[in-house]
Amino acid sequence: MESKEAATKDTESFTTAVAHIGEVLARPAGSFAIRNARRIDARGVQDHCWLVVRDGVIVAEGAEIDVEAGGTDDMADAFAKAVERVRSQTSSQSQSTAAPDDLPIIDARGAIMTPGYVDIHAHGAWGTSFDDGADGIVTARAGHMVHGTTRQVLSLITNPIDTICENLRTVRSLMPSRPDILGAHLEGPFLALERKGAHDPECLRDPVPELVDQLLDASDGCLRQITIAPELPHGIDAIKRFAAAGVKPAVGHCSADYQTAKRAFNEGATIMTHMFNAMNGMHHRKPGPIPAAVEDPRITIELINDGFHVQDPMVALSFGFAPHRTAFVTDAMAATDCPDGHYLLGALDVNVEHGHARLVSNGAIAGSTLVLERAVSRAVLELGIDPVSAVEAATLTPARALGFDHANPVTGAPIGLLATGYAADVLLLNPADWQVDSVWCAGRRIR
Ligand SMILES: CC(=O)N[C@@H]1[C@@H](O)[C@H](O)[C@@H](COP(=O)(O)O)O[C@@H]1O
């Protein structure tokens, strides 16, 4: 839902960007090459890096280090050979999208090159929510895409069950034409009343089998993850049912004790929804759900690194607790990339001041106005987290949490690294401030 302020800000440029992104994503995947970049992905840092993309997939990568600077002869001319190979393949295969002599080569001029960011928990941006129908989804997606979030799971807020089912069907219907949409996340309605945060208490439910089946039917395979308070009467049973259906259950919005959380993870939950927020904290005689997630190497830990939801020392603690398992999420709501003002989260009124969203009714924090671009830049530049770990938390870790780090039916080629065989989701960033300058999603240039 739009606020008055959001409606007056840049409505025209929003509309133009949304249309542009829709058009670009409808085109066939492209072929191109990038050279002279400082590649940072979960494998490490590599200077003078290049990659070659054919029909949307990275087919070769390397570093152009000349012999005098310590490279081998092979390193010096591997790029030219890889480009030549793609050019000759494209000229002999007429269905390819690239003309043989026309493989664009982008000189990154030393810019940072990372995989596209993957946000597995967000609700909206640019004045709209992922619950606001197809138009709302493409608008909010554009708000994240221009900031480098090339792929996103669309989080749906707690609503009456029929509304949630309708919203799931909308997500499902968009997926064939939108490679950037990874599916849906249900945050609710199976949350603990006392940990509801910004969710409508009237709509919270116990996850009895009939409701589980109803949601699975409506999702038609698009449901990727669901947040569940495991201490609800049917909480553990629902975790088993969703896991058996291929959905990743997430522990969150709960008051679970340590044993109940541990049981949830043993029965198939694999994610902790925004650790620290909307759950009981750690106490030396009441350890609660956090140690159960931290000690279990199977669990991915979501973290909202906006400097408001979780204070910086706790963000650093999470990386120490769970290296390679901390995934930045935004939990972004409609006000993201918009002015302060009045917005909606589901049916609830939200006031945004200085970028902080709170329910009008009781002041509860109501999602963030964060984009992953900012989560990564503040991790590196303000918290001193090493760049490889910060990039990993926004790329490979969230991709792996949902099985997208391998070839799969949703993204086809894997995502999360800039490696041969991976989808060409690529960002070029300004090394001074880590702002996103260029974005490719699934081999299509967005900006
Ligand atoms: C969409 C959503 O559910 N967002 C939650 C919100 O419900 C919760 O109130 C807040 C703070 O939780 P805390 O006060 O327990 O830290 O975190 C997230 O913003």
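Under an unreviewed UniProt entry, the name given to the chain is N-acetylglucosamine-6-phosphate deacetylase, and the source organism is Bifidobacterium tissieri. Entered under Sequence similarities (unreviewed entry) in the UniProt record, the comment concerning the chain runs "Belongs to the metallo-dependent hydrolases superfamily. NagA family."

### Here's the deal with the environment of F14
Relative to the assigned elements, F14 resides in helix 2 (residues 11-26). C-alpha of F14 to C-alpha of L303: the two residues are 289 residues apart in sequence and 28 Å apart in space.

### So, the pattern of salt bridges
Counting across every chain of the model gives 18 salt bridges. R35 is the partner of E64 in a salt bridge, and the nearest nitrogen-oxygen pair spans 2.4 Å. Taken together, the residues span a long stretch of sequence, with E64 in the loop between strand 3 (57-63) and helix 3 (73-92) and R35 in strand 1 (residues 32-41) at a distance of 29 residues. Using a relative accessible area of 29% as the deciding quantity, one classes R35 as partly exposed.

### So, the packing of aromatic side chains
Applying the stated criterion across every chain, the model contains four aromatic pairs. Seen from their ring centres, F14 and W126 are 4.1 Å apart, and the 10 degrees between their planes marks the pair as stacked. Pair noted here: F14 is in helix 2 and W126 is in the loop between strand 7 (124-125) and strand 8 (128-129), with a separation of 112 residues, a long-range link. Across the pair, W126 and F14 agree in class, each one buried.

### Some points on the nonpolar core
With 123 residues, the main nonpolar core has L168, V171, F242, F328 and W434 as its most contacted residues. If sequence neighbours within four positions are ignored, F242 has contacts with F190, V212, L215, L216, L223, I226, I228, V247 and P249. Formed by 20 residues, the second largest nonpolar core is a distinct cluster that contains I34, L396, V426 and L428.

What counts and how
Residues numbered from 1 in each chain as written. Predicted model: local features only at pLDDT ≥ 70, side-chain atom pairs only at ≥ 80, totals over all residues. Heavy atoms only, no water. UniProt positions renumbered as here; feature names shortened; annotations may be inferred. Helix = DSSP H or I, 4+ residues; strand = E, 2+ residues; numbered from the N terminus. Salt bridge = Lys/Arg side-chain N within 4 Å of Asp/Glu carboxyl O. Buried < 20%, exposed > 50% of the residue type's maximum accessible area, 1.4 Å probe, protein only. Phe/Tyr/Trp six-rings, centres within 6.5 Å; stacked < 30°, edge-to-face > 60°. Core = buried A, V, L, I, M, F, W, Y, C linked by side-chain atoms within 4.5 Å. Contact = heavy atoms within 4.5 Å.

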